[in-house]
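Working through the structure, step by step
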Amino acid sequence: MTTITHTRPTAVKGSATAVLKAEARLFLREPASLFWVLAFPTVLLCILGSIPSFREPSADLDGLRAVDLYVPVAVLLAVIMSGIQAMPPVLTGYRERGILRRMSTTPVRPGSLIGAQIALHGAAVVLSALLALAVGRIVFDVALPRHFPGYLTAFVLATLATLAIGGTVSAVSRTTKITQAVGSLVFFPAMFTAGVWLPVSAMPDALQRIVELTPLGAAAQALDQAAAGDWPSWTHFGVMALWAVLLIAAARRWFKWE
C-alpha cells in the first residue's frame with residue numbers, strides 16, 4: 001500500500017507535465033492563434049502610433065499623447081484575444097470530441113488539460129504584453145509603467161478575470177460553433193470597455209463610470225493609473241477580483257466534461 005500511495009501521485013504529476021508539453025507543441029502549430037495573441041495587439045499599436053495626431057500631446061488627455069494611452073490598451077487586447085477568442089474553442093473542441101471523457105478514465109484528470117491551456121494562453125499574454133511595452137518604449141518613446149507593482153497587480157487581475165470569461169463561455173457552449181458565436185458576442189463589448197476604440201479615460205464621465213464596473217474597463221483605468229506612477233484604485237482592483245470570483249464559480253458550476 002505504501003508503494004502505491006507514493007507512486008501514483010508521481011505518475012500523475014509526470015503525466016500532467018507530458019500533457020503540458022504536448023499541448024505546447026500543438027499550440028505552437030497554430031499560427032493564426034499565435035498571430036492574434038502575440039502580434040496583433042502590437043501591430044494595431046504601430047498602426048495607431050503612425051497617425052501624426054496620436055503622437056502629439058493633447059490638452060483633453062491632460063497633456064498625454066493618444067499613443068501613451070494605447071499601450072495599456074494593447075496589453076488588454078492581448079488578454080482579450082487569448083482569453084475570449086483563442087482559448088474557449090480549444091476547450092469546447094476537446095469536450096466535443098470526447099477527449100475529456102476519455103481522459104477521465106486515465107490517471108491524468110481532464111483538469112490537467114484545462115490547466116495546460118490556461119498556462120499556455122497566460123504565457124502568451126505575458127509575451128504579448130512585454131512586446132507591446134517594448135515597442136511602445138522603443139518606437140514611440142512611451143514611458144514604461146512608473147508604478148510597476150501596481151501595473152503587475154492590475155495585469156494579473158485583468159488576465160485572471162478575462163480567462164474566467166473565456167472559461168464561462170466554454171461552459172455555456174456545447175459545441176465549437178456555439179463557442180465562436182458566444183465568444184464574438186462577448187468579444188466586441190470587451191474591446192469597447194477595454195478602450196480599443198476610445199480610451200476609457202477619454203470617455204464622457206457618465207459612460208466612464210459605467211465602463212469602470214466591467215472587468216476590462218476597471219483594468220484599463222488601473223493600468224493607466226499605474227503607468228502614470230500611482231497605485232491603482234482599490235475599487236478597480238475590487239471590480240476585477242469580484243468578476244473573476246463570480247465567473248470562475250459560474251464556469252466551475254456549468255462546465256461539463258462530456
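Here we summarise the structure given alongside this text. What you see as residue numbers is a count from 1 along each chain, following the sequence as written. Reporting in this predicted model follows two pLDDT cut-offs: at least 70 for local features of residues, and 80 or more for side-chain atom pairs to be given and counted; totals over whole chains, interfaces and linings ignore these cut-offs and use all residues. The side-chain figures draw on all heavy atoms in the structure; neither hydrogens nor water molecules are used.

Turning our eyes to something else, we now look at the environment of P89. In DSSP terms, a helix is any run of H or I states spanning at least four residues, a strand is any run of E spanning at least two, and both are numbered starting from the N terminus. Here P89 lies in helix α3 (residues 66–96). Classification of P89 by relative accessible area gives buried; the value is 19%. Taking C-alpha positions, P89 is 28 Å from T153, a pair spaced 64 residues apart along the chain. Beyond its immediate stretch of four places on either side in the chain, P89 contacts T176, T179 and Q180. Per-residue accessibility, obtained with a 1.4 Å probe over protein chains only, is compared with the maximum for each type, and a residue is labelled buried under 20%, exposed over 50%, and partly exposed between these values. Here, two residues are considered to be in contact whenever any of their heavy atoms come within 4.5 Å of each other.

What follows concerns the pattern of salt bridges. In what follows, salt bridge is the name for a side-chain nitrogen of Lys or Arg lying within 4 Å of a carboxyl oxygen of Asp or Glu. Under the counting rule described, the total for this entry stands at two salt bridges. Two residues, R65 and D68, come together in a salt bridge whose shortest N-O distance is 2.9 Å. Owing to a relative accessible area of 15%, R65 belongs among the buried residues under this scheme. The partner of R137 in a salt bridge is D141, with the nearest N and O atoms 3.1 Å apart. With relative accessibility at 39%, the residue R137 sits in the partly exposed group. Among the residues examined, D141 registers a relative accessible area of 52% and is labelled exposed.

For the rest of this paragraph, the subject is the packing of helix α5 (residues 110–140) against helix α6 (residues 148–172). Direction vectors running N to C along α5 and α6 enclose 140°, while the axes themselves pass 11 Å from each other. When the interaxial angle is binned, α5 and α6 end up oblique. Remark: the crossing between α5 and α6 carries right-handed chirality. Contacts between α5 and α6 involve I118, V125, V126, A129 and L133 from the first element and Y151, F155, T159 and L163 from the second. What counts as an axis is a line fitted to C-alpha atoms, over the stretch in contact for a helix, and the angles between N-to-C directions run from 0 to 180 degrees. We call two directions roughly parallel when the angle between them is under 35 degrees, roughly antiparallel when it is over 145, roughly perpendicular when it lies between 65 and 115, and oblique otherwise. Crossing handedness follows the turn of the near helix against the far one: under a right angle anticlockwise gives a left-handed crossing, and clockwise gives a right-handed one.

A word on unusual backbone geometry. The residue D141 is not glycine, and still its phi comes out positive at about 55°. Counting through the fold element by element, D141 comes out in the loop between α5 and α6.

Between rings of Phe, Tyr and Trp, where Trp is taken as its six-membered ring, a pair exists when centres lie within 6.5 Å; planes separated by under 30 degrees are stacked, by over 60 edge-to-face, and by other angles tilted. Evaluated as defined, the whole model comprises seven aromatic pairs. Among the aromatic residues, those joined into a ring-pair cluster are F35, W36 and F40. Taking the ring centre of F255 as reference, the NZ or CZ of R95 above it sits at 4.9 Å. The criterion is that NZ of a Lys, or CZ of an Arg, lies within 6 Å of the ring centre and within 35 degrees of the ring normal, and then a charge sits over that ring.

Let us look at a nonpolar patch on the surface. On the surface, F188, F192, W197, L198, L207 and I210 cluster together to form a nonpolar patch covering roughly 570 Å² of accessible area. Where the nonpolar patch is concerned, the elements lending two or more residues are α7 (176–194) and α8 (205–211). Positionally, I210 belongs in helix α8. Candidate patch residues must exceed 30% relative accessible area and have no salt bridge, after which like charges are joined if within 9 Å and Val, Leu, Ile, Met, Phe, Trp or Tyr side chains if within 5 Å. With residues, only the protein chains shown are counted as cover, and all accessible areas are computed by Shrake-Rupley using a 1.4 Å probe.

So, about the environment of F155. Note that F155 resides in helix α6. With relative accessibility at 12%, the residue F155 sits in the buried group. The spatial distance from the C-alpha of F155 to the C-alpha of P57 is 26 Å, given a sequence separation of 98 residues. Discounting chain neighbours no more than four positions away, the residues touching F155 are V75, V79, V125, V126, A129 and L223.

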